[in-house]
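# Overview (structure and organization)
Here is what each chain is made of, one letter per residue.
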Amino acid sequence: MVGLYFKGYAKYFEKQNDKNNITPFEFIPYILGSCSSVDEVKKILQNVNIVDIPFSKEIPLTPLHWIICDDKQCIVVESTTDGLQIYDNPYKTLTNNPRFNFHLENMNNYVNISPDSRTNLFDSNIKIISNGAGTIGLPGSLTSQDRFVRAAFTNSVSTSNNNDEDISQFFHILDSVAQTRGTVHAHENKNELTVYSDCYDFNNKTLYYKTYSNNRLTAISLNNSYDKNKLTSYDLELKQDIKWVK
């Protein structure tokens, strides 16, 4: 389960006596601590109200929407002016604004995208001079809607043969929508960038991540023996780790 930025669309509400009132910062631990499958999540969400209560005066709420997956299915949860919305997510992909139903409808604009070669239907006398013609029209901007399409396409056609390849392939998919420092100027003269990327291996209960400044993967096994009464944390590996060949 992951929460993604959803500015301008997220709406949190006042407490409701007939609902299970959960704050946005409680939502992920509440769901993961209460459910073992997406089917269970769908049931429990029928009685959930996301409430507008910040962690503190100094830490305001972040506008979010959430993607929740198990090994069989995936959903998106949004709390908007229309209430709590639950969407089946066939693309197993989520970016940011706008609402998820827009992303679903927007995919209709790219039904011609394919990894296969194409024939020049406009003028048979002109030969296609490069592989990849099937992806002509695949959006390349760094807007959230274009990144959604690009990630969904790459995820849907990617192939791998074993667990190690799966992990590498996963990060290549994320790299296809990664933001490089300097390409998007955000507010306050800051650059948007992909600070880190991570994936979780359901079968082996292992978290893999890399940071913007260090491309080498770091793995944390959740099979380790942890003290359940103590918070365990790890420092991020931020310095580029280079293997020197002599």
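Use the structure listed above.
Quick caveat: nothing in here was measured; it's all calculated off a predicted structure.

Rules used in this analysis
- Residues numbered from 1 in each chain as written.
- Predicted model: local features only at pLDDT ≥ 70, side-chain atom pairs only at ≥ 80, totals over all residues.
- Heavy atoms only, no water.
- Helix = DSSP H or I, 4+ residues; strand = E, 2+ residues; numbered from the N terminus.
- Buried < 20%, exposed > 50% of the residue type's maximum accessible area, 1.4 Å probe, protein only.
- Contact = heavy atoms within 4.5 Å.
- Pairing = 2+ DSSP bridges.
- Axes fitted to C-alpha atoms, helices over the stretch in contact; angles between N-to-C directions.
- Salt bridge = Lys/Arg side-chain N within 4 Å of Asp/Glu carboxyl O.
- Polar contact = N/O pair within 3.5 Å; in protein donor to acceptor, adjacent residues only side chain to side chain.
- Parallel < 35°, antiparallel > 145°, perpendicular 65-115°, else oblique.
- Left-handed = near helix turned anticlockwise from the far one by under 90°.
- Nonpolar A, V, L, I, M, F, W, Y, C, P; charged D, E, K, R; others polar.
- Arc of directions from axis to C-beta.

All right, on to the overall build of the protein chain then. In terms of regular secondary structure, the protein chain is built from five helices and nine strands. N-terminal to C-terminal, the α/β element order of the protein chain is β-β-α-α-β-β-β-β-α-α-α-β-β-β. Taking the principal axes of its C-alpha atoms as reference, the protein chain extends roughly 70 × 55 × 40 Å. Taking all 246 residues of the protein chain together, the buried fraction comes to 31%. Across the protein chain, contacts joining residues at least 24 apart in sequence account for 56% of those joining residues at least 6 apart.

Now for unusual backbone geometry. Look at the link from Asn97 to Pro98: it is a cis peptide, with omega at -5°. The residue Pro98 is located in the loop between strand E6 (83-88) and helix H3 (100-106) in this model. Even without being a glycine, Lys205 presents a positive backbone phi close to 50°. Looking at the element boundaries, Lys205 is found in the loop between strand E7 (196-201) and strand E8 (206-211).

Picture the strands of a sheet paired through backbone hydrogen bonds; they go either parallel or antiparallel. Reading across from one edge, E7-E8-E9 is the order of the three strands in this open sheet, with antiparallel pairing throughout. Each of the sheet's edge strands pairs with one partner strand only, and the pair in question is E7 and strand E9 (214-221). Averaged over neighbouring strand pairs, the angle between their axes works out to 15° when direction is ignored. Docked against the sheet, helix H5 (residues 163-175) engages E7, E8 and E9, running at close to 145° with respect to E7.

We now examine the sheet that holds E6. The strand order E1-E4-E5-E6 describes an open sheet built from four strands, whose pairing is antiparallel. The two strands at the open ends of the sheet, each matched to only one other strand, are strand E1 (2-5) and E6. On average, each strand axis in the sheet is tilted by 25° relative to the strand beside it, whichever way the strands run. Relative to strand E4 (residues 64-69), E1 is paired through four bridges, and the arrangement is antiparallel. Each residue of the ladder has a partner; that of Gly3, found in E4, is Trp66. Set on the sheet, helix H1 (residues 24-34) makes contact with E1, E4 and strand E5 (74-80); between it and E4 the angle comes to about 5°. Helix-sheet contacts for helix H2 (residues 38-45) involve E4, E5 and E6, and the interaxial angle to E5 is about 20°.

Let us now look at the pattern of salt bridges. Taken as a whole and judged by the stated rule, the model has five salt bridges. Asp82 is the partner of Arg99 in a salt bridge, and the nearest nitrogen-oxygen pair spans 2.7 Å. One end of the pair, Arg99, is in the loop between E6 and H3; the other, Asp82, is in the loop between E5 and E6, and 17 residues separate them in sequence. Residue classification places Arg99 among the partly exposed positions, given a relative accessible area of 22%. Using a relative accessible area of 53% as the deciding quantity, one classes Asp82 as exposed. Residue Arg216 pairs with Asp241 through a salt bridge whose shortest N-O separation is 2.9 Å. Of this pair, Arg216 sits in strand E9 while Asp241 sits in the segment after E9, placing them 25 residues apart in sequence.

The topology assignment puts Thr206 in strand E8. Among the polar contacts made by the side chain of Thr206, one reaches the main-chain carbonyl oxygen of Asn204 at a distance of 3.0 Å. Every residue in contact with Thr206, bar those within four places of it in the chain, is listed here: Cys199, Tyr200, Asp201, Ala219, Ile220 and Ser221.

The next subject is the packing of H1 against H2. Across the interface, H1 lies against H2 with an axial gap of 9 Å and an inter-helix angle of 120°. Between H1 and H2, the interaxial angle falls into the category oblique. The way H1 lies across H2 gives a crossing that is right-handed. Residues Phe27, Tyr30, Ile31 and Ser34 of H1 touch H2, and the partners they reach there are Glu40, Val41, Ile44 and Leu45. Residues that form the contact of H1 with H2 fall into these classes: six nonpolar, one polar and one charged.

Before going further, it helps to spend a moment on H2. Looking only at H2, the buried set comprises Val38, Val41 and Leu45. Each buried residue of H2 lies within a common arc of 50° when the element is viewed along its axis, so the set occupies one face. Looking at the packing, one finds that the buried side of H2 touches H1, strand E3 (48-50), E4, E5 and E6.

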